[in-house]
Amino acid sequence: MNLENFVLGFFDFVGGIDFNIFGTLLFVLLIVFWLVLIGWVWIDSGERTSNISIRIIYLLLVVFLNIPGLIIYLIIRPSETIEQIYWADLERRYLKYETSELGDCSKCGNQLLPGYVYCSNCGNEIKKKCPSCGVMIGKSTKFCAYCGTQVASRSTQEEYPTIEVMEQQILATREEATETVESKRLKYKQSGGFVVKLGGMIISSWKRLFDIVSEKLEKNQEEKVEQKQQEVVESNTKKKKKKKRKKK
Ligand SMILES: [Zn+2]
Ligand SMILES: [Zn+2]
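Residues numbered from 1 in each chain as written. Chains lettered and ligands numbered in written order. Predicted model: local features only at pLDDT ≥ 70, side-chain atom pairs only at ≥ 80, totals over all residues. Heavy atoms only, no water.

### Here's the deal with the coordination of the zinc ion (ligand 1)
Defined as follows: A donor here means any N, O or S atom no more than 2.8 Å from the metal (3.2 Å for Na, K and Ca); water is not included, so a site may seem to lack partners. A four-donor site is classed as tetrahedral when every donor-metal-donor angle falls between 85 and 135 degrees; four donors are called square planar, and six octahedral, when trans pairs exceed 155 degrees and all remaining angles lie between 65 and 115, with any other arrangement labelled irregular.
Bound to the zinc ion (ligand 1) on the protein side are Cys105 (SG), Cys108 (SG), Cys119 (SG) and Cys122 (SG), at distances that span 2.2 to 2.3 Å. Bound by four donor atoms, the zinc ion (ligand 1) shows angles of 107 to 113° at the metal and therefore tetrahedral coordination geometry.

Okay, structure coming up:
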């Protein structure tokens, strides 16, 4: 009897549990998770960009799409934080300063060392004396950095390079750098993995396809222009013939 009562009691207990509680609990948990996601995206995007409108777009992605929105955000967010960019720039400036005197001789290619005034191999003049303060300054310097005297005239072309020209220069130097690194097989950095190579292949094949299509389009246009010219010539000759007939 006791066991029977116990089993019946247990079933009553299980049947009495309000399963809606689990539902509401799950719902509350989801809401909390969603709010945490939104907060995290707002803070993370603040570390990567100072543009408020872009940050709001990122936020809306997560507000409306939740986890898929987060995945999209993780893909499209700027890869470097503002702090990382700042430190990378500082490092670049410092390295530029440190290696400013470590160039090669423009005449013979001999490596120069800090403090050189003449090339130790060919005697090429690397530095000159400022006529005003006497400090040794670079040969291509336009204004003495120590007293401000103008040493050489500035060319007007150099002053305002257009954005396009600058972009081209940056691209060129990048391409040159990768070429030299890859041709000399210097292990500055490991070459790209499978994904990078696949991406490169896709992009290059896409470019080739685009070139072929644009070439064909150009040819078609040229042919059309030629056809039109021929038609015009033909119609002109017909008109002339007609006029001649009328005159007759
Ligand atoms: Zn030299
Ligand atoms: Zn000077």
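Read on for the rest.
### Comments concerning the UniProt feature "transmembrane region" (unreviewed entry) in the protein chain
For clarity, the cut-off: UniProt positions are given in the numbering used here, feature names are shortened, and annotations may be inferred rather than shown by experiment. Only DSSP runs of H or I with at least four residues qualify as helices, and only runs of E with at least two residues qualify as strands; both kinds are numbered from the N terminus onward.
This chain's UniProt record puts "transmembrane region" (unreviewed entry) on residues 20-43 and 55-76. Along residues 20-43 one finds 100% helix and 0% strand; the C-alpha atoms at either end are 35 Å apart. As a span, residues 55-76 carries 100% helix and 0% strand, and end to end its C-alpha atoms are 12 Å apart.

### Some details on the coordination of the zinc ion (ligand 2)
Put simply, the test is: Throughout this description, buried means an accessible area under 20% of the type-specific maximum (1.4 Å probe, protein chains only), exposed means over 50%, and partly exposed covers the range between.
Taken together, the protein donors to the zinc ion (ligand 2) comprise Cys130 (SG), Cys133 (SG), Cys144 (SG) and Cys147 (SG), at separations of 2.2 to 2.3 Å. Coordination geometry of the zinc ion (ligand 2): the four donor atoms subtend angles of 105 to 114° at the metal centre, consistent with an arrangement described as tetrahedral. If you list the donors of the zinc ion (ligand 2) from N- to C-terminus, the spacing comes out as C-x2-C-x10-C-x2-C. Residue Cys130 is located in the loop between strand S1 (127-129) and strand S2 (136-138), and its partner Cys147 is located in the loop between S2 and helix H5 (156-159); the two are separated by 17 residues in the primary sequence. On the basis of relative accessibility, which here comes to 3%, the residue Cys130 falls in the buried class.

### Overview of a negative patch on the surface
Heads up, the rule is: To count toward a patch, a residue needs a relative accessible area over 30% and no salt bridge; like charges are then connected within 9 Å, while nonpolar side chains (Val, Leu, Ile, Met, Phe, Trp, Tyr) are connected within 5 Å. Shrake-Rupley sampling with a 1.4 Å probe provides the accessible areas, and residues are treated as covered by the protein chains on show and by no other component. Any Lys or Arg side-chain nitrogen found within 4 Å of a carboxyl oxygen on Asp or Glu counts as a salt bridge. In this tally, Asp and Glu contribute negative charge and Lys and Arg positive charge; neither His nor the terminal groups of the chain are included. Where a charge lies is defined by one atom per residue type: Lys uses NZ, Arg uses CZ, Asp uses CG and Glu uses CD.
There is a patch of like negative charges on the surface, built from Asp211, Glu215, Glu218, Glu222, Glu223 and Glu226. Positionally, Glu222 belongs in helix H7 (residues 194-247).

### A closer look at the pattern of salt bridges
Scanning the entire structure with this criterion turns up five salt bridges. Among the ionic pairs, Asp89 bridges to Arg93, the shortest N-O distance being 2.8 Å. Of this pair, Asp89 and Arg93 both sit in helix H4 (residues 82-98), four residues apart, roughly one helical turn. On the accessibility criterion, Asp89 (27% relative accessible area) is partly exposed. For the salt bridge of Lys127 with Glu101, the shortest nitrogen-to-oxygen distance reads 2.5 Å. Here Lys127, found in strand S1, pairs with Glu101, found in the loop between H4 and S1; they are 26 residues apart in sequence, far enough to count as distant.

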